[in-house]
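Listed below, chain by chain, are the residues.
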Amino acid sequence: MTETLILRRPDDWHLHLRDGEMLAGVLPESARHFGRAIVMPNLVPPVVTGRQASAYRERILAALPEGAPFTPLMTLYLTEDTDPEDVTAAYANGFAMAVKLYPAGATTNSASGVRDFDKVRGVLEAMAEIGMPLCVHGEVTDPKVDIFDREAVFIDRVLEPLRRATPGLRVVMEHVTTQEAVAYVRAAESGLGATITTHHLIINRNHILVGGIHPHYYCLPVAKRELHRLALREAATSGDARFFLGTDSAPHADAAKESGCGCAGCFTATNTLSILAHVFEEMGRLDRLEGFTSLHGPAFYGLAPNEDRITLTKGATPVAYPAKIETGVGPVTVFDPGFPLYWRVA
Ligand code: DOR
Ligand code: ZN
């Protein structure tokens, strides 16, 4: 028996595409299924100015497979030297859709991020005025805070004070991983959304550490206890428009992951839609998949949903996904959900 599900074409509201040969290798994996993506700016060096974002956008468009209907939506990497005028100009002329806040040192290539939040006040105020969203990597970097607590502590120490100090600022709490973050988003009156990744709906911290160390399940924010994964599944399938898909698909060559100091990131671009259909079906909420993948994100960003559709079909035999994607800088392991997937994009 085949079941069919037709969805507006999904968008990915948090994606790492990298640059150069890695970009060329991974971009087709996203462009195959997604209409648009919010592209993260944590290149080396980071994408800070409107001009840099525009140049990066051109490199992405040049790397697209012929005819792929994929639109990259660019972000600017917030530094303590970011010029509010450059940000507002980039937003006005379409070079950037959002600004990304990395607390300095929180994750991959975040060294140029923010230490002193007073130094970015002017930028945040300008963004609030024009309605430009701030995408937030919500983890404190205080070495005294346990890595599993860094998101919850960030809400109290940084995010709530920042939102209070900048009324009207629209914020996306990226890749939420805890029940505290879900509750915080739900309690907000307005101006706060959250992305949820594919992998955080599947793995808890045991997947990383039990039976040996599994580097391909290591990402940031790190996966938490099972009760948090369950809270994320509930939020994603709740129909609440404040929660939407941001895969955080983050490719690293295998050699960089399978190392004495492995990089953070799960690469999920290839099989995300099969995994999400599986999760939503398990939750008895296939009817809400389209909201999560294709409607809530555009609504938050003030964009129309994609006009065209994709078709998902459920077959009797599992979909054969490649274990790795070959790129010019080495193979990248595709996220393994640990169970067979029966839904495929037709
Ligand atoms: O796991 C992650 N990988 N989390 C991040 O915040 C950054 C990302 C990356 O760029 O590899
Ligand atoms: Zn990310």
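Relevant structure appears above.
This text gives an overview of the structure that appears in the document.

So, how was this worked out
Residues numbered from 1 in each chain as written. Chains lettered and ligands numbered in written order. Predicted model: local features only at pLDDT ≥ 70, side-chain atom pairs only at ≥ 80, totals over all residues. Heavy atoms only, no water. Salt bridge = Lys/Arg side-chain N within 4 Å of Asp/Glu carboxyl O. Helix = DSSP H or I, 4+ residues; strand = E, 2+ residues; numbered from the N terminus. Buried < 20%, exposed > 50% of the residue type's maximum accessible area, 1.4 Å probe, protein only. Donors = N, O, S within 2.8 Å, 3.2 Å for Na, K, Ca; no water. Near = heavy atom within 4 Å. Polar contact = N/O pair within 3.5 Å; in protein donor to acceptor, adjacent residues only side chain to side chain. Areas by Shrake-Rupley, 256 points an atom, 1.4 Å probe, with all protein chains shown as cover. 1 Å grid on protein atoms, 1.4 Å probe; cavity = no way out; pocket = protein on both sides within 12 Å on 5 of 7 lines; lining within 4 Å. Sits in = over half its atoms within 2 Å of the grid points. Nonpolar A, V, L, I, M, F, W, Y, C, P; charged D, E, K, R; others polar. Core = buried A, V, L, I, M, F, W, Y, C linked by side-chain atoms within 4.5 Å. Contact = heavy atoms within 4.5 Å. Pairing = 2+ DSSP bridges. Axes fitted to C-alpha atoms, helices over the stretch in contact; angles between N-to-C directions. Parallel < 35°, antiparallel > 145°, perpendicular 65-115°, else oblique. Left-handed = near helix turned anticlockwise from the far one by under 90°. Phe/Tyr/Trp six-rings, centres within 6.5 Å; stacked < 30°, edge-to-face > 60°. Points joined across faces, edges and corners; volume = space filled by probe spheres on them.

**Here's the deal with the pattern of salt bridges**
Right, so step 1: Tallied over the entire structure, the rule returns 18 salt bridges.
Right, so step 2: The residue Glu307 makes a salt bridge to Arg8 at a minimum N-O spacing of 3.9 Å. On the criterion of sequence distance, the pair formed by Glu307 in the loop between α11 (289–301) and β10 (309–314) and Arg8 in strand β1 (residues 3–8) is long-range, its members being 299 residues apart.
Right, so step 3: By relative accessible area, Glu307 is classed as exposed at 64%.
Right, so step 4: Take Arg8: its relative accessible area is 19%, and that puts it in the buried class.
Right, so step 5: For Glu160, the salt bridge goes to Arg163, with nearest N and O atoms at 4.0 Å. Here Arg163 and Glu160 lie together in helix α5 (residues 150–165), a separation of three residues that amounts to about one turn.
Right, so step 6: For Arg163, a relative accessible area of 18% gives the class buried.

**Examining the coordination of the zinc ion (ligand 2)**
Right, so step 1: Coordination of the zinc ion (ligand 2) by the protein comes from His14 (NE2), His16 (NE2) and Asp248 (OD), over a distance range of 2.0 to 2.1 Å.
Right, so step 2: Linear spacing of the donor residues for the zinc ion (ligand 2) on their chain is H-x1-H-x231-D. Accessibility assignment for this pair places His14 and His16 in one class, buried.

**Notes on the site of ligand 1**
Right, so step 1: Taken together, 13 residues lie near ligand 1, and Arg18, Asn42, Leu220, His252 and Ala264 sit nearest.
Right, so step 2: Contact between ligand 1 and Ala264: a nitrogen atom at 3.0 Å from a main-chain N or O atom of the residue.
Right, so step 3: In isolation ligand 1 has 290 Å² of accessible area, and contact with the protein removes 100% of it.
Right, so step 4: Counting atoms within 2 Å of the grid points, the majority share of ligand 1 lands in the largest cavity.
Right, so step 5: Here the residues of the shell around ligand 1 sort into four nonpolar, seven polar and two charged.

**Focus: the nonpolar core**
Right, so step 1: If you look at the biggest cluster of nonpolar residues, it comprises 92 residues, and the most contacted ones within it are Leu17 and Leu134.
Right, so step 2: With six residues, the top contributor of residues to this core is helix α10 (residues 272–282).
Right, so step 3: Those residues within four positions of Leu17 in sequence are excluded, and the remaining contacts are Met22, Leu23, Val26, Leu27, Ser30, Val39, Tyr56, Ile60 and Phe70.

**Some points on the sheet that holds β10**
Right, so step 1: Read from one edge of the open sheet, three strands run β1-β10-β13, paired in antiparallel fashion. Where the open sheet ends on each side, the last strands, each with one partner, are β1 and β13 (343–345). The mean angle between the axes of side-by-side strands here comes to 25°, regardless of whether they run parallel or antiparallel.
Right, so step 2: Two elements, β10 and β13, share three bridges in a ladder whose sense is antiparallel. Following the sheet pairing, Leu312 is matched in β13 by Val345.

**Concerning the packing of helix α3 (residues 84–92) against helix α4 (residues 121–130)**
Right, so step 1: Look at α3 against α4: their axes get within 9 Å of each other, and the N-to-C directions meet at 25°. Looking at the two axes, α3 sits roughly parallel to α4. Both α3 and α4 take part in a crossing whose hand is right-handed. Packed against α3, whose contacting residues are Pro84, Val87, Thr88 and Tyr91, the element α4 presents Gly122, Val123, Ala126, Met127 and Ile130 at the interface.
Right, so step 2: When the residues that make up the contact of α3 with α4 are grouped by side-chain class, the tally is seven nonpolar, two polar and no charged.

**Digging into the packing of aromatic side chains**
Right, so step 1: Scanning the model with the defined rule gives seven aromatic pairs in all.
Right, so step 2: Measuring from centroid to centroid gives 4.8 Å for Trp13 and Tyr301, while their planes differ by 10°, and the two rings are stacked. On the criterion of sequence distance, the pair formed by Trp13 in strand β2 (residues 12–15) and Tyr301 in helix α11 is long-range, its members being 288 residues apart. Per residue, the accessibility class of Trp13 equals that of Tyr301, and both read buried.
Right, so step 3: Centroid distance Tyr77 to Tyr102: 5.3 Å. Interplanar angle 35°. Geometry classified as tilted. Here Tyr77 is found in strand β4 (residues 71–77), whereas its partner Tyr102 is found in the loop between β5 (98–101) and α4, with 25 residues between them in sequence.

**What to know about the layout of surface pockets**
Over the atoms rolls a probe the size of a water molecule, and its path tells where empty space is left.
Right, so step 1: Estimates place the volume of the largest pocket at around 200 Å³.
Right, so step 2: In this structure, the largest pocket is lined by 14 residues; those nearest its centre are Ile213, His214, Pro215, Tyr218 and Gly262.
Right, so step 3: For the lining of the largest pocket, the per-class residue count stands at eight nonpolar, four polar and two charged.

The values reported here are purely geometric and, on their own, carry no functional implication.
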